[in-house]
Each structure stands twice: as structure tokens, then as C-alpha cells.
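# Report on the structure
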Amino acid sequence: MKRIILFAVFILGIVSTACAQYQTNVLSSTNTAVKLRCTGYAKNKKKALAEAELAAIKAVLFHGIDNTQSQTALIPTTEQEAMKKHKSYFNNLYSGGYRDFISSSEVVMPFSKDINKHKNIVVDVTVKVRVLREDLEKNGSMLACKEKGLVRSEGKDYVMNDGDVTLFRFNV
């Protein structure tokens, strides 16, 4: 019994660390976009702003945003696995292509040092989730998307989002 409890605590710690690495909080959500408050850490303002914006994109892609219509991740694998399989796509995305999927980025707390003396900036970032999903789907046919890990199966309790492409499977 102790082993099960320790294992559960270990898994919970890993999951909470993975979601906390992007430091994002939900502000609002619609069918097509989600607004997140993100913190970016870097030595200068420009890099910190880019880190905050990337944190929002990565949270939507790899973790999903709880209590929104985007609560399931757009990509059902880890960031490392996705980078291995689609290196050129993610290199382009991370080197500035992510800006195509951000409709607004408003500085909430200016670039400064936090209580731990780390330089950071706090930004409200609005991610165009539907456009991001469409871009992922556009990277090839449905078969290519399956091979790339961009398609996922959902259960009967999944809430449909605007722009979802659906294939219903059933037995006769």
C-alpha cells in the first residue's frame, strides 16, 4: 500500500511540474482563442517577452488549458517526441513562426527582477487556438497527420470545438 501511495505522489509531482513549467494562468476563453497570463524569464526584455509568448503556445500545444474548450492538448505527445518527429516544423515555429498564432500580447508587469532576483516579464497573451489547430492539420493529409501524431481519439465526454474535424467510429 505504501508503494502505491508513493508512486501516486511521484506521478502527481511529475504532472504538476510539467504543467507548471510554462507558468500560465487562464484569463478567458472562446471557441477560437484563449487568453493566458504568462511569465517569461530571460536576461533582457525582448527574450523574456518571447519566452512568455512561447509558454502560451506550448501550453496549448502540449498540455491543453484546463476549464476551457482547449482543455485537451492539440498534440498528444510530449514536446521532445514532437520535436524529434517534426524538427523543421517546430524549429520554424519556435524561431518566430509562433507569432502567427498570437492575436495580442499585452505587458501586465514590466520587465524587472522578482523576489528571487530573476529577471522576468508578465504578459497577457491571446492564442488563436483554431488557427493553430488548422495549421497543424494543414501539414498534410489525414494519414500524414496520423503519422505525425497530430490526430487523437477522444471519448464520448469530449466537448466539440469550432473547427474540429471529426471522424465517428461505430459498430453495426
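None of the values given here were measured: they were computed from a predicted structure.

## What to know about the pattern of salt bridges
On inspection of all chains with the given rule, the structure shows four salt bridges. Close ionic contact of glutamate 106 with lysine 35 constitutes a salt bridge, the shortest N to O distance being 4.0 Å. Note that glutamate 106 is positioned in strand β3 (residues 102–113) and lysine 35 in strand β2 (residues 34–41), a separation of 71 residues in sequence. Relative accessible area serves as the criterion here: at 39%, glutamate 106 is assigned to the partly exposed category. A salt bridge links aspartate 124 to arginine 37, with the shortest nitrogen-to-oxygen separation between them at 2.7 Å. One end of the pair, aspartate 124, is in strand β4 (residues 119–127); the other, arginine 37, is in strand β2, with 87 residues separating them in the sequence. We classify arginine 37 as partly exposed; its relative accessible area is 31%.

## A short note on helix α2 (residues 45–63)
An ideal rise of 1.5 Å per residue puts 27 Å on 19 residues; α2 measures up with 26 Å between its terminal C-alpha atoms. A distance of 3.2 Å separates the backbone nitrogen of lysine 46 from a side-chain oxygen at the start of α2, and that oxygen is part of asparagine 44. Phi for glycine 64, located one or two positions after α2, is positive at around 80°.

## Here we look at the environment of aspartate 124
Under the relative-accessibility criterion, aspartate 124 is labelled buried at 7%. Residues in contact with aspartate 124, not counting those within four places in the same chain, are Leu27, Lys35, Leu36, Arg37, Ser104, Ser105, Glu106 and Val108.

## Section: the confidence of the model for the protein chain
Low pLDDT means the predicted atomic positions in that stretch should not be read closely. Residues at a pLDDT of 70 or more form 77% of the protein chain, whose mean pLDDT is 79. Across the protein chain, the secondary-structure element scoring lowest on mean pLDDT is helix α1 (residues 2–20), at 50, and the one scoring highest is β4, at 93. Counting contacts from residues 12–20, a segment whose pLDDT is below 50, to residues more than four positions away or on other chains yields two contacts.

## A short note on a positive patch on the surface
On the surface, a cluster of positive charge is made up of Lys43, Lys47, Lys113, Lys117 and Lys119. For lysine 47, the location among the structural elements is in helix α2.

Definitions and cut-offs
Residues numbered from 1 in each chain as written. Predicted model: local features only at pLDDT ≥ 70, side-chain atom pairs only at ≥ 80, totals over all residues. Heavy atoms only, no water. Salt bridge = Lys/Arg side-chain N within 4 Å of Asp/Glu carboxyl O. Helix = DSSP H or I, 4+ residues; strand = E, 2+ residues; numbered from the N terminus. Buried < 20%, exposed > 50% of the residue type's maximum accessible area, 1.4 Å probe, protein only. Expected span 1.5 Å × (residues − 1). Polar contact = N/O pair within 3.5 Å; in protein donor to acceptor, adjacent residues only side chain to side chain. Contact = heavy atoms within 4.5 Å. pLDDT = per-residue confidence, 0-100. Patch = residues over 30% accessible without salt bridge, like charges linked within 9 Å, V, L, I, M, F, W, Y side chains within 5 Å. Areas by Shrake-Rupley, 256 points an atom, 1.4 Å probe, with all protein chains shown as cover. Lys, Arg positive; Asp, Glu negative; His and termini not counted. Charge placed at Lys NZ, Arg CZ, Asp CG, Glu CD.

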